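Each chain, letter by letter, is given below.
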Amino acid sequence: MSPSPRSVPAEKNWLDRSLALFADVRAGEGGTALLLAANIFCILAFYSVLKVVRDTLILSESGAEVKSYSAAGQAALLLVVVPLYGAFASRVNRLRLVCGVTLFFASHLAVFYALGSAGIRVGIPFFLWAGIFNLVVISQFWAFANDLFTADRGRRLFPVIGIGASLGALVGAGLTALNFKELGAYRLMLIAGLGLLLPIVLTLWVNRRESRGAMATPASGATEANVLEAPLSKTGGFQLIFQQRYLLLIALLMVTVNLVNTLGGYLLDKMMTGWATTLASNPEEVRGLIGEMKGGIDTWVNLLALLFQAFLVSRILKLIGVRGSLFVLPLIALTSYTLMAFVPIFSVIRIAKILENSADYSIQNTARHALFLPTSREAKYKAKQAIDSFFVRLGDMLQALVVFVGTELAAFSITTFAIVNIVFVIVTLVIVAGIYREHKRLTADLPSEQAA
């Protein structure tokens, strides 16, 4: 059931007019858009801190191959986590779901801080935890945003919210790169744990704001608000995916997109670790060089993603629609890995991955979240959670298999790995074409401005 439109003022205020620079923000919509942008800003900023910590710990303790293989462990854990999340979602309203899960994960960082400070090697378990945390918490944020908006409001306002995500990732990665040596991995964990309390406050705020708006809608407003605050049905996320072709295609898209991205990340990590090892004389220096390089790359990725998000995404969505926007990332990736295949050197791979990840975190990210706007509430929370967590990590698992075959059995070169990725990109384009057709069919009864 789609949310009822909120009662809004007839004219735009200063906030609506300011945000209209980036997207089609209409009268009364700026406040909610800004609160949601601030919410995802906090989540992505503190996740970006943890991402640098995660990669630095596992690469310095175990190496690029172990990092690649650990993704398979995340997929296995998510087979348990996703059904548990769905069961919890069937027992509580959306507010308790979103805030409770965020608080649950934030509390774990105090445990990792204590273990790491005591000298215990936490690289692998922290990598497993971080991979589940970021998928679950970010996915449920976007499910919450989908639940608040109609298809038209979401298509128009998601680009503004995405600016908060891109800016948060940029700030988090940049500050981590500047302060990693001084603060160290474990104190950064503690800072991030405390910072994750902010999204909880913002979720409470925006939920209260939107609930009041629904209650202010005449006739059916109170009934609609009660429905939106009720627990979900008992149908599980995996069950929904295999019942609906549209959701299954989105799941397959997440598998191939993440397979391509993480395999490219492996190529970058492999060359980066070799670069750091040749320059450093001890493990601590290796860790420092990797941390600085990872932080620097993430900063460039997030800076470009922010620029794309602020000035390109809303215009691309308006020009070619949500479904058309899905073609952008695969076409960029096809160009990037073709270039890698012919020029397999560290500087080229670094630039190619920066461009690919920037498009992924902005254009692709906004479009894929908007795919759920015309779906049911169960699909938004449960199927989306399964897709954004398990199927993403399934892509990682397949990537680990490719790395194993390419390193242990076939001795693939960087060029060969790049050619393999080109094949996976072509498969991705075929899946996107299928989603295009299904999305067009699903939105056929909507007004033309909403259906794109």
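Everything numeric here is computed off the predicted structure, so don't read it as measured data.

Reading the values: rules and limits
Residues numbered from 1 in each chain as written. Predicted model: local features only at pLDDT ≥ 70, side-chain atom pairs only at ≥ 80, totals over all residues. Heavy atoms only, no water. Helix = DSSP H or I, 4+ residues; strand = E, 2+ residues; numbered from the N terminus. Rg over C-alpha atoms; globule rule 2.2 N^0.38 Å. Contact = heavy atoms within 4.5 Å. Areas by Shrake-Rupley, 256 points an atom, 1.4 Å probe, with all protein chains shown as cover. Lys, Arg positive; Asp, Glu negative; His and termini not counted. Charge placed at Lys NZ, Arg CZ, Asp CG, Glu CD. Axes fitted to C-alpha atoms, helices over the stretch in contact; angles between N-to-C directions. Parallel < 35°, antiparallel > 145°, perpendicular 65-115°, else oblique. Left-handed = near helix turned anticlockwise from the far one by under 90°. Nonpolar A, V, L, I, M, F, W, Y, C, P; charged D, E, K, R; others polar. Salt bridge = Lys/Arg side-chain N within 4 Å of Asp/Glu carboxyl O. Buried < 20%, exposed > 50% of the residue type's maximum accessible area, 1.4 Å probe, protein only. pLDDT = per-residue confidence, 0-100. Polar contact = N/O pair within 3.5 Å; in protein donor to acceptor, adjacent residues only side chain to side chain. Phe/Tyr/Trp six-rings, centres within 6.5 Å; stacked < 30°, edge-to-face > 60°. Lys NZ or Arg CZ within 6 Å of the ring centre and 35° of its normal. Core = buried A, V, L, I, M, F, W, Y, C linked by side-chain atoms within 4.5 Å. Patch = residues over 30% accessible without salt bridge, like charges linked within 9 Å, V, L, I, M, F, W, Y side chains within 5 Å. Disulfide = S-S within 2.5 Å.

### Remarks on the overall build of the protein
Right, on to step 1. Secondary structure assignment for the protein yields 16 helices and zero strands.
Right, on to step 2. In terms of overall size, the protein behaves like a compact globule, its C-alpha atoms giving a radius of gyration of 21 Å where 452 residues would be expected to give roughly 22 Å.
Right, on to step 3. Along the longest, intermediate and shortest principal axes, the C-alpha atoms of the protein span 70 × 45 × 45 Å.
Right, on to step 4. Counting only contacts in the protein whose residues sit at least 6 apart along the sequence, the fraction spanning at least 24 positions is 83%.
Right, on to step 5. Carbon together with sulfur atoms contributes 69% to the accessible area of the protein, which is approximately 17800 Å² in total.
Right, on to step 6. Distance from the positive charge centre (38 side chains) to the negative charge centre (27 side chains) of the protein: 4 Å.

### Examining the packing of helix α5 (residues 123-148) against helix α14 (residues 377-409)
Right, on to step 1. The N-to-C vectors of α5 and α14 enclose an angle of 155 degrees; their axes lie 9 Å apart at closest approach. When the axis of α5 is compared with that of α14, the two are roughly antiparallel. In this structure, the crossing between α5 and α14 has a hand that is right-handed. Touching Gly131, Asn134, Leu135, Val136, Ser139, Gln140, Trp142, Ala143, Phe144, Asn146 and Asp147 of α5 are Arg377, Lys380, Tyr381, Lys384, Gln385, Asp388, Ser389, Val392 and Arg393, all from α14.
Right, on to step 2. Split into classes, the residues belonging to the contact of α5 with α14 amount to seven nonpolar, seven polar and six charged.

### Considering the pattern of salt bridges
Right, on to step 1. One pass over the full model with this rule turns up 15 salt bridges.
Right, on to step 2. Arg156 is the partner of Glu29 in a salt bridge, and the nearest nitrogen-oxygen pair spans 2.8 Å. You can see Glu29 sitting in the loop between α1 (14-19) and α2 (30-61) and its partner Arg156 sitting in helix α6 (residues 151-195), a full 127 residues away along the chain.
Right, on to step 3. Classification of Arg156 as buried rests on a relative accessible area of 4%.
Right, on to step 4. The salt bridge involving Arg94 is made with Asp147; its shortest N-O contact spans 3.1 Å. One end of the pair, Arg94, is in helix α4 (residues 94-117); the other, Asp147, is in helix α5, and 53 residues separate them in sequence.
Right, on to step 5. By relative accessible area, Arg94 is classed as buried at 5%.
Right, on to step 6. Shared partners join several salt bridges into a network, and the residues in it are Asp24, Arg26, Glu29, Asp152, Arg153, Arg155, Arg156 and Glu210.

### As for the confidence of the model for the protein
Detailed reading of the predicted coordinates is not advisable wherever pLDDT falls low.
Right, on to step 1. The pLDDT averaged across the protein works out to 85; a share of 91% of its residues lies at or above 70.
Right, on to step 2. Every residue in residues 217-223 is under pLDDT 50, and counting partners more than four places away or in other chains gives eight contacts.

### Remarks on the side chain of Lys380
Right, on to step 1. Relative to the assigned elements, Lys380 resides in helix α14.
Right, on to step 2. For the buried Lys380, no salt bridge is present, and the opposite-charge side chain at shortest range is Asp147, 5.7 Å distant.
Right, on to step 3. For Lys380, the side chain forms a polar contact with the main-chain oxygen of Leu373, separated by 3.3 Å.
Right, on to step 4. Residues within four places of Lys380 in sequence aside, it is in contact with Ala143, Asn146, Asp147, Phe372, Leu373 and Thr375.

### Things to note about the packing of aromatic side chains
Pairs of aromatic rings are described using the distance from one ring centre to the other and the angle between the two planes.
Right, on to step 1. Under the counting rule described, the total for this entry stands at 18 aromatic pairs.
Right, on to step 2. Three or more aromatic residues joined by ring pairs form one cluster here, namely Tyr47, Phe104, Phe105, Phe112, Phe126, Trp129 and Phe133.
Right, on to step 3. When the ring centre of Tyr436 is taken as origin, the NZ or CZ atom of Arg323, which lies over that ring, is 5.3 Å away.

### With respect to the environment of Gly174
Right, on to step 1. Position of Gly174 among the secondary structure elements: in helix α6.
Right, on to step 2. Placed 102 residues apart in sequence, Gly174 and Ala72 show a C-alpha to C-alpha distance of 29 Å.

### Details of the packing of helix α10 (residues 245-279) against α14
Right, on to step 1. α14 packs onto α10 with a crossing angle of 40 degrees between their chain directions and a minimal axis gap of 7 Å. With respect to their mutual orientation, α10 and α14 come out oblique. α14 is crossed by α10, and the crossing has right-handed handedness.
Right, on to step 2. The residue makeup of the contact of α10 with α14, split by class, is 17 nonpolar, five polar and two charged.

### Remarks on unusual backbone geometry
Right, on to step 1. Phi is positive for Ala411, close to 55 degrees, though the residue is something other than glycine.
Right, on to step 2. Note on placement: Ala411 falls in the loop between α14 and α15 (414-442).

### Observations concerning the nonpolar core
Right, on to step 1. Ranked by size, the top nonpolar core spans 99 residues in total, and within it Leu36, Phe126, Trp129, Met189 and Ile435 carry the most contacts.
Right, on to step 2. Counting residues per element, this core draws most heavily on α5, at 15 residues.
Right, on to step 3. Formed by 32 residues, the second largest nonpolar core is a distinct cluster that contains Leu263, Val403, Phe417 and Ala418.

### Here we look at a nonpolar patch on the surface
Right, on to step 1. Taken together, Leu398, Leu401, Phe404, Val405 and Leu409 make up a surface patch of nonpolar side chains, about 430 Å² in accessible area.
Right, on to step 2. As for its position among the elements, Phe404 is in helix α14.
Right, on to step 3. Among the residues examined, Phe404 registers a relative accessible area of 38% and is labelled partly exposed.

### Re the side chain of Asn39
Right, on to step 1. Take Asn39: it is sitting in helix α2.
Right, on to step 2. Filtering out sequence-adjacent residues up to four positions away, Asn39 remains in contact with Phe141, Pro199, Leu202 and Thr203.

### Details of the environment of Cys99
Right, on to step 1. If you trace the backbone, Cys99 turns up in helix α4.
Right, on to step 2. When the C-alpha atoms of Cys99 and Phe141 are compared, they prove to be 9.9 Å apart, with 42 residues separating the residues in sequence.

### Looking at the state of the cysteines
Right, on to step 1. For the coordinates displayed, the defined rule picks out zero disulfides.
Right, on to step 2. In this structure Cys42 is a free cysteine whose sulfur lies 13 Å from that of Cys99, the closest cysteine sulfur available.
Right, on to step 3. A relative accessible area of 11% means that Cys99 is categorised as buried.

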